[in-house]
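Coordinate inspection notes
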Amino acid sequence: MTEKIKTTTRFDIAQAIHNELGFSHADAFKMIDQTLSLIIDTLKTGRDVKISGFATFEPHQKNARVGRNPKTGVEYPITARKTLIFKASHALKNALK
C-alpha cells in the first residue's frame, strides 16, 4: 500500500523559519504573509515575478473563445480571464531529478 505524502503548509514553512533562523512564530508568519502579498500585488499590476533558483510567475490574459463539450458537441462561450503561468527554474528542475 502506498503511503500518503503530507502537503507542506504555511505552518510548516513558518516552523522551519522558527527552527532554522530563530524568529518567533508570529514573526515567521508575518514574513511569509508579507512575501506572498508582495508577489500577489506585483502580479496584479501585470508584472512578472522571478525568484532566482526557484521559478518565474507570469500573469497571462486569455481571450474569450468558444468551447465545445466533447461528449455532446454543444458549444459554450468561455469568457476572457487572467491566468498565471509558472515556469520552474533550471535549478529547481535539476533538484527534482
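In this report, we go over the structure that sits alongside the text.

Notes on the overall build of the protein
- What the protein contains, in helices and strands, is 3 helices and 5 strands.
- Along its sequence from the N terminus, the protein presents helices and strands in the succession α-α-β-β-β-β-β-α.
- On the principal axes, the C-alpha backbone points of the protein span a range of 60 × 45 × 30 Å.
- Split into buried and exposed, the 97 residues of the protein put 15% on the buried side.
- Approximately 8200 Å² of the protein is accessible, and the part contributed by carbon and sulfur atoms is 59%.
- Charge separation in the protein, taken as the distance between the mean sites of 16 positive and 9 negative side-chain charges, equals 10 Å.

Thoughts on the packing of aromatic side chains
- Throughout the structure, instances matching the rule amount to 3 aromatic pairs.
- Taking 6.1 Å as the distance between ring centres and 70° as the angle between the ring planes, the aromatic pair formed by Phe54 and Phe86 counts as edge-to-face. On the criterion of sequence distance, the pair formed by Phe54 in the loop between β1 (49–51) and β2 (55–62) and Phe86 in strand β5 (residues 81–88) is long-range, its members being 32 residues apart.

So, the sheet that holds β2
- With respect to topology, 3 strands assemble into an open sheet ordered β1-β2-β5, the strand pairing being antiparallel. A single partner strand is all that each edge strand has here, and the edge strands are β1 and β5. When strand polarity is set aside, the average angle formed by the axes of neighbouring strands in this sheet is 20°.

Concerning a nonpolar patch on the surface
- Taken together, the side chains of Leu21, Phe23 and Met31 make up a nonpolar region of the molecular surface, amounting to roughly 270 Å² of accessible area.
- Assignment of secondary structure puts Leu21 in helix α1 (residues 10–21).
- Look at Leu21 and you get exposed, because its relative accessible area is 59%.

Focus on the pairing of strand β4 (residues 75–78)
- Looking at chain direction, strand β3 (residues 65–68) and β4 are connected through 4 bridges and run antiparallel. Counted as the bridge partner of Arg65 is Ile78 from β4.
- A loop of 6 residues connects β3 with β4, the two strands running antiparallel in sequence, and Gly73 in this loop sits at a positive phi of about 80°.

Some thoughts on helix α2 (residues 25–44)
- With 20 residues, α2 should cover 28 Å at 1.5 Å per step; its first-to-last C-alpha distance of 28 Å lies within 8% of that length.
- Those residues of α2 that fall on the buried side of the exposure criterion are Ala28, Ile32, Ile39, Thr42 and Leu43. The arc that holds the buried residues of α2, viewed along the axis, is 110°, so those residues lie on one side. Turned more than 90 degrees away from the buried face of α2, the exposed residues are Lys30, Gln34, Leu38 and Lys44.

Brief notes about the pattern of salt bridges
- Under the defined criterion, the tally for this structure stands at 4 salt bridges.
- Between Glu58 and Lys87 there is a salt bridge whose closest N-O contact spans 3.4 Å. Here the residue Glu58 occupies a position in strand β2, and Lys87 occupies one in strand β5, the gap between them amounting to 29 residues.
- Judged by its relative accessible area of 18%, Glu58 falls in the buried class.

Conventions adopted
Residues numbered from 1 in each chain as written. Predicted model: local features only at pLDDT ≥ 70, side-chain atom pairs only at ≥ 80, totals over all residues. Heavy atoms only, no water. Helix = DSSP H or I, 4+ residues; strand = E, 2+ residues; numbered from the N terminus. Buried < 20%, exposed > 50% of the residue type's maximum accessible area, 1.4 Å probe, protein only. Areas by Shrake-Rupley, 256 points an atom, 1.4 Å probe, with all protein chains shown as cover. Lys, Arg positive; Asp, Glu negative; His and termini not counted. Charge placed at Lys NZ, Arg CZ, Asp CG, Glu CD. Phe/Tyr/Trp six-rings, centres within 6.5 Å; stacked < 30°, edge-to-face > 60°. Pairing = 2+ DSSP bridges. Axes fitted to C-alpha atoms, helices over the stretch in contact; angles between N-to-C directions. Patch = residues over 30% accessible without salt bridge, like charges linked within 9 Å, V, L, I, M, F, W, Y side chains within 5 Å. Salt bridge = Lys/Arg side-chain N within 4 Å of Asp/Glu carboxyl O. Expected span 1.5 Å × (residues − 1). Arc of directions from axis to C-beta.

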